[in-house]
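Listed below are the residues making up each chain.
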Protein chains: 2
Amino acid sequence: MTSTLTSTAHRLDELHRSTDRRDRFRLPAGVVYLDGNSLGALPSAVTAVVTDVVERQWGQDLIASWNTHDWWGAQTRVGDAIGAIVGAAPGQVVCSDSTSVNLFKAIAGAPSLRPGRTVVLTDPDSFPTDLYIAESACRTANLTLELVPPAEAAQRIDELGTDLLVATYSSVDYRTGELWDLPGITRAAHAVGGLVCWDLCHSAGVLDVALDAHEVDLAVGCGYKYLNGGPGAPAFLHVAHRHQGDFRQPLTGWNGHATPFAMSPDYVPAPGISRGRVGTPPLLSMLALEAALTAYDGLGLADLRRRSLSLTGFLLDCLDVLVPDVAVATPREEARRGSQVSLRHPHAYAVVQALIARGVIGDFREPDIVRLGFAPLYLSHADVLRAAEHLAAVLRGGEHTRPEHRARATVT
Amino acid sequence: MTSTLTSTAHRLDELHRSTDRRDRFRLPAGVVYLDGNSLGALPSAVTAVVTDVVERQWGQDLIASWNTHDWWGAQTRVGDAIGAIVGAAPGQVVCSDSTSVNLFKAIAGAPSLRPGRTVVLTDPDSFPTDLYIAESACRTANLTLELVPPAEAAQRIDELGTDLLVATYSSVDYRTGELWDLPGITRAAHAVGGLVCWDLCHSAGVLDVALDAHEVDLAVGCGYKYLNGGPGAPAFLHVAHRHQGDFRQPLTGWNGHATPFAMSPDYVPAPGISRGRVGTPPLLSMLALEAALTAYDGLGLADLRRRSLSLTGFLLDCLDVLVPDVAVATPREEARRGSQVSLRHPHAYAVVQALIARGVIGDFREPDIVRLGFAPLYLSHADVLRAAEHLAAVLRGGEHTRPEHRARATVT
């Protein structure tokens, strides 16, 4: 049976040859990296750029680099590069701060776009920072937070009608990998004159998000997962063109001012997406992200989505054959599957550790999730088969019951 | 006369030999860099660290680096290193976000420490981002902002009495280089039971700030000026130990949670200064800053302050001799002088450009300021004399009237 899977892997890798960008990444030998949804692998282009930024731009050209190397334009330039990946035309995305900070801007800024509306809708099972920030932004801006699962969001939006300010959801569930209905929830919010804010942390760079096509109002996301920008790479904020004139956000730092160097005492927001800027951005990290994004050059996200679905689908096929009794938490239906396959196992933590010991790197999420992320740029179907084989060997051999794999590290 | 100045420069450089760290920095040949208050020079230690972070930690060790290289502890570890430089015992400073974002946390968080008080005092001539953020934080948190020059702050605090929530001032005026009375304003605020929040952007790393000794409550500052962390290096937030238990700030990201990986739906702030954390920090920039701070190892800030005063004092002496009619905006009195000398000139922009053409890098600030920052770690008295000589030559030769020096670039 494995020989059939091997030939299928080979055939699928040939079929998706045009979206294989493995040669643009540096990965340790012998590793199958299924954690690109936590920290993307190192793109080869990054090293030379970072060295140049440190030694020549900072070290030699010093303060002049703000002009000569257009450091000043980095936030919108990198924003546009991200925009191209999430389907937003130039001028709608700014690279800035962290996802948490950007979500605060988006939610606390939403009333400027729909004055008088007060209800913010979000997922009770959202990534915790999204919940924490939504609660705090609502408290800060005198809004009412309502927790409604994404599957019920459209109906609740319809009931809320003109009370709805903004529905803010993650496009993909960070635990189960379930893909929520971005177009449907967006349409529902618009039908009552409300807004949406999508968290794209687990979809930017792997799904054909198509923000413009779906008329998404606001979005946020991070730079260090599938966008491969490096640890803690700056995040992004998207504000659709039609909203930018009215959008006001509370983090009114000088970088978002219309004339930052006039040093005027009154805050006048910059025209366009630049009003999402706050303070001076961390340029080593931001320019590393810019270099990383070149791994996407010339790729269509629809093609990459097909590759991603083929990879996750092939894992499910492999599991059917090699580990038929494992519990899969991710929907099998393609339209409901992100670029991730999550398994449930009572000893999930130890399973992840045993896999890591075999060079298959995934991660654990409370309470019982083995989370495998699929970064289609650098993963092959052959990698997927190896991962499935290692998983079968771990479970068959009871490796997850060994004490060294069950002992918890402080941070995972 | 110049020969006297030359021998004085030589004598002073010998006198301050123990605080000369020029060999720990890379600067272009022939440059006198007087812009370390805008972007600090490149410390030699940074290059190897950044390469290691990119190639080995990120590229090879991947997600495991959060534990094996203690990425998770970077924000408080770098915070403590900054704390040592600003006179705060460990556990009171976190490296995070930008100065603007940290100031928002501090001001919007102040009511948690002094419930019921509503007046925030700040400088009408503060660095604009401080004004913008103070206005926005006050609007957000229903506080009243009052603009009072720092010279009048103590008196106004006395009048306000128990209405005072927090007096937030820059320790050094970014334009004139005037050093404000941090101990006096702090005492005045405490006398009425209020708080202070000091912006240390232009004093961290060059003044003996002594936060603990003066019982400062809150402070913020940036990492890319005198701390030499590189372009847009992360900033810092200081919250004194005695306030940490009560301190609540509105940017409640998961990195500031007591148990971030439990993924619990309710926000419980971490104990200690970690509650100042928000999202995942930009580690390339943050670990570059950490490497940069090693240039301070073994130095006492009181000694460095003496060196800084000697450097700025020597510039004033040189100007007296070489350019006696130039208008000096910075107080001559040592107790009122930061690590900066600002000159006023009707063609200040062109003077700065003409100096840059001669390898003396300072910067221009609206409307008429030639701003010369003194980074004592890598500046010598011989450098100072060269700068003064070049300034004399520029003004004598009318170089600042040349069209190429008067044409404004978009960003300076």
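Since the model is a prediction, treat every value here as computed from it, not as a measurement.

Caption draft 1: Layout of the overall build of chain A. When helices and strands are counted, chain A shows 14 helices and 15 strands. Computed over its C-alpha atoms, the radius of gyration of chain A comes to 22 Å, within 12% of the 22 Å expected for a compact globule of 412 residues. Reported as C-alpha extents along the three principal axes, the dimensions of chain A are approximately 70 × 60 × 40 Å. A burial count over chain A gives 57% of its 412 residues as buried. Taking all contacts inside chain A whose residues are at least 6 apart in sequence as the whole, residues at least 24 apart take part in 72%.

Caption draft 2: Layout of the relation of the copies chain B and chain A. When chain B is fitted to chain A, the residual RMSD is 0.0 Å, and the transformation amounts to a turn of 180° plus an axial shift of 0.0 Å. The symmetry that links the two subunits is that of a two-fold axis.

Caption draft 3: Molecular detail of the pairing of strand 9 (residues 218-221) of chain A. All names here are of chain A. Covered by surrounding structure in strand 9 are Leu218 and Val220 together with Ala219 and Gly221, the residues of both alternating faces. By the bridge criterion, three bridges tie strand 8 (residues 195-199) to strand 9 in an arrangement that is parallel. The residue of strand 9 that forms the bridge with Cys197 is Leu218.

Caption draft 4: Region of the structure containing the sheet that holds strand 8 of chain A. All names here are of chain A. Spatially, seven strands are ordered 4-10-9-8-7-5-6 in an open sheet, and the strand pairing comes out mixed. Two strands in the sheet have a free side with no partner beyond their single neighbour: strand 4 (93-95) and strand 6 (144-147). Each adjacent strand pair in this sheet contributes to an overall mean axis angle of 15°, direction not counted. Here four bridges tie strand 9 to strand 10 (residues 236-239), and the two strands are oriented antiparallel to one another. Within the sheet, the bridge partner assigned to Val220 lies in strand 10 and is Leu237. Helix-sheet contacts for helix 6 (residues 128-140) involve strand 5 (119-122), strand 6, strand 7 (164-170) and strand 8, and the interaxial angle to strand 5 is about 175°.

Caption draft 5: Representation of the pairing of strand 12 (residues 340-344) of chain B in the model. Residue and element names in this part refer to chain B. The element strand 12 is largely enclosed, with a buried count of four among its five residues. The sheet contact formed by strand 12 and strand 15 (residues 369-373) spans five bridges and is antiparallel. By the bridge assignment, Ser342 is partnered in strand 15 with Arg371.

Caption draft 6: A look at the domain arrangement of chain A. Residue and element names in this part refer to chain A. Assigned domains within chain A: domain 1 (2-30 + 299-406) and domain 2 (47-296). For the side of domain 1 that touches domain 2, the secondary-structure elements that each account for two or more residues are helix 11 (301-322) and strand 12 (340-344). Of all the elements, helix 11 adds the most residues to the side of domain 1 that touches domain 2, at five residues. Taken together, the residues of the side of domain 1 that touches domain 2 sort by class into 11 nonpolar, six polar and six charged.

Caption draft 7: Structural context of unusual backbone geometry. Residue Pro367(A) follows Glu366(A) across a cis peptide bond; omega there is -5°. Within the fold, Pro367(A) resides in the loop between strand 14 (363-365) and strand 15 (369-373). Its identity is not glycine, yet Asn142(B) carries a phi of approximately 55°, on the positive side. Mapped onto the secondary structure, Asn142(B) falls in the loop between helix 6 (128-140) and strand 6 (144-147). With 9 C-beta atoms counted inside 10 Å, the residue Asn142(B) sits in the exposed group. Phi angles above zero are rare outside glycine, and Ala210(B) is one such case at about 55°. Its location among the elements puts Ala210(B) in the loop between strand 8 (195-199) and strand 9 (218-221).

Caption draft 8: Representation of helix 6 of chain A. Residues and elements named next belong to chain A. Taking 1.5 Å of rise per residue, 13 residues should cover 18 Å, and helix 6 covers 18 Å from first to last C-alpha, within 8% of that figure. Burial in helix 6 covers these residues: Pro128, Thr129, Asp130, Leu131, Tyr132, Ile133, Ala134, Ser136, Ala137 and Cys138. The elements touched by buried residues of helix 6 are helix 5 (99-109), strand 5, strand 6, strand 7 and strand 8. Just downstream of helix 6, Asn142 is the residue with a positive phi angle, here 55°.

Caption draft 9: Examining the nonpolar core more closely. Formed by 279 residues in total, the largest nonpolar core has its most connected members in Ile82(A), Ile107(A), Ala288(A), Ile82(B), Ile107(B) and Ala288(B). With near-sequence residues (within four places) excluded, Ile82(A) lies in contact with Val93(A), Cys95(A), Ala204(A), Leu227(A), Phe236(A) and Leu293(A).

Caption draft 10: The environment of Thr68(A), seen in detail. Residues and elements named next belong to chain A. One can find Thr68 in helix 3 (residues 65-68). In this structure Thr68 comes out as exposed when scored by C-beta crowding, with 12 C-beta atoms within 10 Å. Separated by 305 residues in sequence, Thr68 and Gly373 place their C-alpha atoms 39 Å apart.

Caption draft 11: View of the environment of Leu289(A). All names here are of chain A. Following the sequence through the fold, Leu289 ends up in helix 10 (residues 283-293). Separated by 60 residues in the primary sequence, Leu289 and Gly229 place their C-alpha atoms 3.8 Å from one another. Once you skip the residues sitting within four places of it in the chain, Leu289 turns out to touch Val78, Cys95, Gly223, Leu227, Gly229, Gly230, Ala233 and Pro234.

Caption draft 12: Looking closely at the interface of chain B and chain A. Contacts between the two partners involve 74 residues from chain B, matched on the other side by 73 residues from chain A. Those elements that provide at least two residues to the side of chain B that touches chain A are helix 2 (45-58), helix 3 (65-68), helix 5 (99-109), helix 6, helix 10 (283-293) and strand 14 (363-365) of chain B. At eight residues, helix 6 of chain B tops the list of elements feeding residues into the side of chain B that touches chain A. Residue composition of the side of chain B that touches chain A, by class: 43 nonpolar, 23 polar and eight charged.

Caption draft 13: How the structure looks around the packing of helix 7 (residues 150-160) of chain A against helix 8 (residues 182-191) of chain A. All names here are of chain A. It is at 8 Å that the axes of helix 7 and helix 8 come closest, and there the two elements cross at 15°. Classed by the angle they form, the pair helix 7 and helix 8 counts as roughly parallel. In the packing of helix 7 onto helix 8, the handedness of the crossing is left-handed. Taken together, the residues of helix 8 that come into contact with helix 7 (itself represented by Pro150, Ala153, Ala154, Ile157 and Asp158) are Gly184, Ile185, Ala188 and Ala189. Across the contact of helix 7 with helix 8, the residue classes tally to seven nonpolar, one polar and one charged.

Caption draft 14: Inspection of the sheet that holds strand 14 of chain A at higher detail. Across the sheet, which stays open at both edges, the four strands sit in the order 11-12-15-14 (chain A) with antiparallel pairing between neighbours. Strand pairing shows two members of the sheet lacking a second neighbour, strand 11 (327-328) and strand 14 of chain A, which therefore form its edges.

Caption draft 15: Broad picture of the packing of helix 2 of chain B against helix 10 of chain B. All names here are of chain B. Taken N-terminus to C-terminus, the directions of helix 2 and helix 10 make an angle of 145°; their axes are 9 Å apart at the nearest point. When you trace helix 2 past helix 10, the crossing you get is right-handed. Across the interface between the two elements, Ala45, Val46, Val49, Val50, Val53 and Val54 of helix 2 pack against Leu283, Leu284, Leu287, Ala288, Ala291 and Ala292 of helix 10. Across the contact of helix 2 with helix 10, the residue classes break down as 12 nonpolar, no polar and no charged.

Caption draft 16: Structural detail: the confidence of the model for chain A. The pLDDT averaged across chain A works out to 96; a share of 99% of its residues lies at or above 70. For this predicted complex, the interface confidence reaches an ipTM of 0.97, while the overall pTM sits at 0.97.

Caption draft 17: Here's a closer look at helix 11 of chain A. All names here are of chain A. When the terminal C-alpha atoms of helix 11 are compared, their 31 Å separation across 22 residues agrees well with the 32 Å that a helix rising 1.5 Å per residue should span. Those residues of helix 11 that fall on the buried side of the exposure criterion are Leu301, Leu304, Arg307, Ser308, Ser310, Leu311, Thr312, Phe314, Leu315, Cys318 and Leu322. Taken together, the buried residues of helix 11 touch helix 1 (2-15), helix 4 (74-86), strand 12 and helix 13 (381-396).

Caption draft 18: View of the environment of Thr144(A). All names here are of chain A. Turning to its location among the elements, Thr144 is positioned in strand 6. Classification of Thr144 by C-beta neighbours within 10 Å gives exposed; the count is 12. Spatially, the C-alpha atom of Thr144 lies 9.6 Å from that of Arg117, the residues being 27 residues apart in sequence.

Each value, and the rule that gives it
Residues numbered from 1 in each chain as written. Chains lettered and ligands numbered in written order. Predicted model: local features only at pLDDT ≥ 70, side-chain atom pairs only at ≥ 80, totals over all residues. Helix = DSSP H or I, 4+ residues; strand = E, 2+ residues; numbered from the N terminus. Rg over C-alpha atoms; globule rule 2.2 N^0.38 Å. Buried ≥ 20, exposed ≤ 12 C-beta atoms within 10 Å, placed from the backbone. Contact = placed C-beta atoms within 7 Å. Least-squares fit on C-alpha atoms with pLDDT ≥ 70 in both. Pairing = 2+ DSSP bridges. Axes fitted to C-alpha atoms, helices over the stretch in contact; angles between N-to-C directions. Domains from an automatic or database assignment. Nonpolar A, V, L, I, M, F, W, Y, C, P; charged D, E, K, R; others polar. Expected span 1.5 Å × (residues − 1). Core = buried A, V, L, I, M, F, W, Y, C linked by C-beta atoms within 7 Å. Parallel < 35°, antiparallel > 145°, perpendicular 65-115°, else oblique. Left-handed = near helix turned anticlockwise from the far one by under 90°. pLDDT = per-residue confidence, 0-100.

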